[in-house]
Each structure stands twice: as structure tokens, then as C-alpha cells.
Amino acid sequence: MPKPLARAPITVQSSFWLMAGEESLGGRGRIELLERIAETGSIRQAAICMGMSYRSAWGAVELMNRRVGVTLVTRLTGGRGGGGAILSADGLALVKAYRRLEAEHARQVARLNTRVQALLQGE
């Protein structure tokens, strides 16, 4: 049996994000922002939940809306006690698709980690 290559295990690490043409649409953080907006009905509350400023959250939403070419988040205007934000059907579909792809990606990385161990053991 060959001697182990290193003391620390060698693993495959990977992340992914969605692209809109040649530009980044977003990854885990922006998708979580969309999910928080859907949960809270508010960009401000979503930003607070994520420990970011409203300005940063709104900037991310505007960027995603612009890059994907459809409205993902709609701001609702209103007076006292009104206002807020909702995800459009496209926004909800994007979140759902991302989460499915994320789960598949995790399964593939797990398979690669099994494979890398076999390869390192000379199989």
C-alpha cells in the first residue's frame, strides 16, 4: 500500500454561480438575498438579516434585475405601514433553479472527493 501523500486529506472544493451572458448574476449570497426578500417582504429586512446595508442589498437587486433582463424583485411603494418588496415569478424560479443546481453540484463534488481518494491510493 502506498504511503499517504499528505497528513491533511486532499479534497476537491468547488463553488459555482450563475452567469447572465458574460456577466456574473450571482451565487449563494445573492440567492440568499432573494430568499430573504421573499421571506420578509422587504429589502431592508432582508439586508438586516444578512448583515448588509440596505444600499448594498438594493444595489445587488438592481444589478441582478438589469443583468438577467427581467424583473426579479419588485419594490412596492406605500405610505405608512405600506411598501415592501416581492419576488416576481421569474425571481422565484431563479431561486428554485439555483437551489436544485446547488444540490446537484454538492453531489458531484462528493463523488469527486470519493474519486480523488481512490486515485491517490493508486486505484
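Quick caveat, the model's predicted, so the values are computed rather than measured.

A.B. asks: Would you take a moment to explain the pattern of salt bridges for this structure?
C.D. replies: Should their charged atoms come close, side chains of opposite charge can pair. Counted by the stated rule, this structure contains six salt bridges. The partner of arginine 99 in a salt bridge is glutamate 35, and the shortest N-O contact between them spans 2.6 Å. A residue pair is termed long-range when its members are at least 10 positions apart, and arginine 99 in helix H4 (residues 89-120) and glutamate 35 in helix H1 (residues 28-40) qualify at 64 residues. Judged by its relative accessible area of 26%, arginine 99 falls in the partly exposed class. Using a relative accessible area of 23% as the deciding quantity, one classes glutamate 35 as partly exposed. Put simply, glutamate 104 and arginine 107 hold a salt bridge, and the shortest N to O gap is 2.8 Å. Here arginine 107 and glutamate 104 lie together in helix H4, a separation of three residues that amounts to about one turn. Exposure remark for glutamate 104: the relative accessible area of 32% places this residue in the partly exposed category. Overlapping salt bridges, with partners in common, bring together Arg28, Glu35, Arg99 and Glu102 in one network.

Conventions used here
- Residues numbered from 1 in each chain as written.
- Predicted model: local features only at pLDDT ≥ 70, side-chain atom pairs only at ≥ 80, totals over all residues.
- Heavy atoms only, no water.
- Salt bridge = Lys/Arg side-chain N within 4 Å of Asp/Glu carboxyl O.
- Helix = DSSP H or I, 4+ residues; strand = E, 2+ residues; numbered from the N terminus.
- Buried < 20%, exposed > 50% of the residue type's maximum accessible area, 1.4 Å probe, protein only.

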